[in-house]
Amino acid sequence: MTVSIHVNEKAFGRAVVLDDIHFDIQKGEFLTIIGPSGCGKSTLLKIAAGLDTEYSGSVEINGREVTRPGISQGFIFQEHRLFPWLTVEQNIAADLNLRDPNVKKTVQELIDIVRLTGNEKAYPAELSGGMSQRVAIARALLREPEVLLLDEPFGALDAFTRKHLQDVLIDIWQKKKITMILVTHDIDESIYLGTQLAILRANPGRLQKWLPIELLFPRNRTDTSFQYLRQKVLEEFEKTEHSVYAEGAGI
Amino acid sequence: MKTAAFAELNGREKTAKVRKARKVPGWLKGFFVPIIILAVWQYAGSAELISATVLPTPLAILLSFYELAVSGELAANMQISIARAAGGFLLGGGLGLLFGILVGFSKKTESYLDPSLQMLRTVPHLAVTPLFILWFGFDELSKVLLIALGAFFPIYINTFLGIRGVDAKLFDVARVLEFSWRHQITRLILPAALPSILLGVRLSLGIAWLGLVVAELMGSSAGVGYMIMDARQFSQTEKVFVGIIIFAVVGKLTDSFVRLLERKLLKWRSSFQGTN
Ligand SMILES: Nc1ncnc2c1ncn2[C@@H]1O[C@H](COP(=O)(O)OP(=O)(O)OP(=O)(O)O)[C@@H](O)[C@H]1O
Ligand SMILES: [Mg+2]
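All residue numbers refer to positions counted from 1 along the written sequence of the respective chain. For naming, the first written chain is A and the first written ligand is 1, with later ones following in the order written. Local features in a predicted model are, by the rule used here, given only for residues with pLDDT of at least 70; side-chain atom pairs are given and counted only at 80 or more, and totals for whole chains, interfaces and linings are based on all residues. Think of the side-chain values as coming from all heavy atoms in the structure, minus any hydrogens and water.

Undergrad: For this particular structure, what's the right way to read the site of ligand 1?
TA: Residues and elements named next belong to chain A. The nearness test applies per residue and asks whether one of its heavy atoms lies within 4 Å of the molecule or strand. Taken together, F12, V17, S37, G38, C39, G40, K41, S42, T43 and E152 form the complete shell of residues around ligand 1. Polar contacts here mean pairs of N or O atoms no more than 3.5 Å apart (in protein, one a potential hydrogen donor and the other a potential acceptor; neighbouring residues in sequence count only if both atoms are side-chain atoms). Side-chain polar atom of K41 to an oxygen atom of ligand 1: 2.7 Å apart, as the coordinates give it. Within the side chain of S42, an N or O atom sits 2.7 Å from an oxygen atom of ligand 1. Burial of ligand 1 by the protein amounts to 55% of the accessible area it has alone, namely 630 Å². All accessibility values rest on the Shrake-Rupley procedure with a 1.4 Å probe; residue burial counts only the protein chains present in the view.

The following block contains the structure:
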């Protein structure tokens, strides 16, 4: 299976936001997309999800054209967007019936995978940001998406929780073999998670560099090879006009 | 040194105990002011500082209540009043909910219906009482319709606003999860609008009750309002008081019931609950 994304042009009014972005990724890849704020990362992800269809180009998943949002393209928003009136397990089930033993069983499995066992009956207001985001991930996983799209899913979390959730995500990716596309503005995160890394530049958003990451899992941020890649990404960043913005990169 | 420290500790424990003993449970605090008022009132009446036809004593009112309750007069009148209020509320509130949902869901129905409804709303509903009497006479129909008219608007407006206030970001989630039409309504729109709808229900109940009082005082041959008017003719002031208190208590009870419903249905909400 492949995900192929071809965006000739995407504009809001007169402002061209994305220009000539074309790439394919294979089944089971983990693509991370990084770039300065406002370069169009969220816009690109929304196009991939079918949430935004006003652009010239095409998106195909497994040879099928994406024209509207759906469960085969799971989407994790920057904020968790849980339904506040539903408990953790009800949120994961959402429109599926928890009284169905199959649904109930899978929901419970997913709760265990995202390490929320014991919180099944809690309401979102009683959860921390990191816990809520894990519920959102479980909710997407229950639908067995062909590809999971994540828009800065851990951006609002502290470093500790973020590291934890990154490991949860790698765990899920390895177990379920789902193709992942994750947008981030954290260089470390993009190298820690990705098997492919796309660096975007701003005004208009273009593909600056495509970088395969061949480090083995589990990865170690202090390895020299990790640090070498980090250096390389930073150099690419400096080549883009707005290079100053790279939160979490330690500069 | 040791004894001083001990004494201090002892002292602290004592103040802690005193504080604990002084702490009054929340539900009791509300009784404090009424009890003082009742005591002063009873004293003023017993000492004949105030005439009994103007202000009968609490004990006299209690006695009258007892007599009315035993004779069955009270129960019969209350039954009629509650039936009227409930009928009017169900009719008006039900229509308000229905129209609120219709107008809330569709811009098209909004542009057709909302302007007319808003215009009607600006007419104080008690001002149309004479008209209702002209049209429907003094019987039950005019009373129930008057109550229904008042109960309609709060539920209508709050349902409409509640539905329109649903977070657009959650609609995106519903699209991504491929919710069916039915699930969009039952899992997203109605739960999100529920706090607002319940507020509408509370306001409507209050207005229905008010409408009932007005309708019964205007002219009726049964009901708590009739009982009040009847007692007034014979200067049975304590009976008037019983009627007023019944109105107040039943009104408060229905409100408490909706609040209980709110607490049950909206327990997912973690909003500010007030400070001590
Ligand atoms: N709905 C919209 N209407 C008009 N302009 C928009 C809209 N959404 C995004 N834009 C513009 O498109 C550009 C890219 O926005 P986008 O949200 O994709 O950036 P981003 O790379 O995700 O940034 P960040 O890292 O801050 O999330 C921005 O300049 C933004 O102003
Ligand atoms: Mg963004």
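From this point, the narrative continues.
Undergrad: I keep staring at the sheet that holds strand β3 (residues 30-34) of chain A and nothing clicks. Help me out?
TA: Two pairing modes exist for strands in a sheet, parallel and antiparallel, and in both the strands are linked by backbone hydrogen bonds. Residues and elements named next belong to chain A. In spatial order, the strands read β6-β7-β8-β3-β9-β10; together these six strands make up an open sheet with mixed pairing. The strands lining the two open edges of the sheet, one partner per strand, are β6 (73-76) and β10 (206-212). For this sheet the average axis-to-axis angle between neighbouring strands, irrespective of direction, equals 15 degrees. Two strands pair if DSSP finds at least two bridges between them. The secondary structure listing takes helices from DSSP runs of H or I that are at least 4 residues long and strands from runs of E that are at least 2 residues long, numbered from the N terminus. Summarising the sheet, β3 and strand β9 (residues 196-201) pair through four bridges and their orientation is parallel. Bridging across to β9, L31 finds its partner in Q196. Should any heavy atoms of two residues lie within 4.5 Å, those residues are considered in contact. Axis lines are fitted through C-alpha atoms, for helices just across the contact stretch, and the angle between N-to-C directions can take any value from 0 to 180 degrees. Sitting on the sheet, helix α1 (residues 41-49) touches β3, β6, β7 (147-151), β8 (179-184) and β9, and the angle it makes with β7 is about 155 degrees.

Undergrad: How should the sheet that holds strand β1 (residues 2-12) of chain A be read in this particular structure?
TA: Residue and element names in this part refer to chain A. Reading across from one edge, β2-β1-β4-β5 is the order of the four strands in this open sheet, with antiparallel pairing throughout. Each end of this open sheet is capped by a strand with a single partner; those strands are β2 (15-26) and β5 (64-65). Relative to strand β4 (residues 56-61), β1 is paired through six bridges, and the arrangement is antiparallel. Opposite S4, over in β4, you have E60 as the bridge partner. Packed on one face of the sheet, α1 meets β1, β2 and β4 and runs near 125 degrees to β1.

Undergrad: Help me out: how do you make sense of the interface of chain A and chain B in this one?
TA: It is common to give the size of an interface as the accessible area lost on bringing the parts into contact. Taken together, the contact between chain A and chain B spans 21 residues of the former and 17 residues of the latter. The term buried area refers to how much accessible surface (probe radius 1.4 Å) is lost by two components on association, counted for both of them together. Both faces combined, the contact of chain A with chain B buries some 2,000 Å², and carbon together with sulfur accounts for 69% of it. Between Lys or Arg on one side and Asp or Glu on the other, a salt bridge is scored when a side-chain nitrogen of the former is within 4 Å of a carboxyl oxygen of the latter. Remark: the boundary between chain A and chain B carries two salt bridges. The residue E79(A) makes a salt bridge to K169(B) at a minimum N-O spacing of 3.6 Å. Taken together, the residues of the side of chain A that touches chain B sort by class into 13 nonpolar, three polar and five charged. Lys, Arg, Asp and Glu make up the charged group, whereas Ala, Val, Leu, Ile, Met, Phe, Trp, Tyr, Cys and Pro make up the nonpolar group; the residues left over, Gly among them, are polar.

Undergrad: Is there a simple way to explain the UniProt feature "transmembrane region" (unreviewed entry) in chain B in this structure?
TA: Residue and element names in this part refer to chain B. The feature "transmembrane region" (unreviewed entry), as given by UniProt, occupies residues 26-44, 50-70, 82-105, 117-137, 144-164, 208-228 and 240-261 in the numbering adopted here. Structurally, residues 50-70 comprises 62% helix and 0% strand, and the distance from its first C-alpha atom to its last is 28 Å. In residues 117-137, helix accounts for 62% and strand for 0%; the two terminal C-alpha atoms are 25 Å from one another. UniProt positions are given in the numbering used here, feature names are shortened, and annotations may be inferred rather than shown by experiment.

Undergrad: Is there a simple way to explain the nonpolar core in this structure?
TA: Residues and elements named next belong to chain A. One finds L169 and I191 to be the most contacted residues of the largest nonpolar core, which totals 52 residues. Examining the composition of this core, we find that eight residues originate from one element, helix α4 (residues 129-142), more than from any other. What marks off one domain from the next here is an automatic or database domain assignment. Composition of this core by domain shows at least three residues from each of domain 1 (1-72 + 147-251) and domain 2 (83-144). When near neighbours in sequence (up to four residues on either side) are disregarded, I191 contacts L197, I213, L215, R219, F226, L229, R230 and V233. Put simply, buried Ala, Val, Leu, Ile, Met, Phe, Trp, Tyr and Cys residues joined by side-chain atoms within 4.5 Å make one nonpolar core. Accessibility here uses a 1.4 Å probe with only protein chains present; expressed as a share of the type maximum, an area under 20% marks a residue as buried, one over 50% as exposed, and anything in between as partly exposed.

Undergrad: Looking at this structure, how should I read the UniProt feature "domain: ABC transmembrane type-1" (unreviewed entry) in chain B?
TA: Within this structure's numbering, the places UniProt gives as "domain: ABC transmembrane type-1" (unreviewed entry) are residues 78-258 of chain B. As annotated, residues 78-258 of chain B comprises 86% helix and 0% strand, and the C-alpha atoms at either end are separated by 20 Å.

Undergrad: Could you clarify how one ought to interpret the packing of helix α5 (residues 73-105) of chain B against helix α8 (residues 140-164) of chain B in this entry?
TA: The packing of two helices is summarised by the inter-axis angle and the distance between the axes. At their nearest, the axes of α5(B) and α8(B) sit 6 Å apart, and the two run at 30 degrees to each other. As for the relative orientation of α5(B) and α8(B), their crossing is right-handed in sense. Each helix crossing is assigned a hand: it is left-handed if the near helix lies turned anticlockwise from the far helix by less than a right angle, otherwise right-handed if that turn is clockwise.

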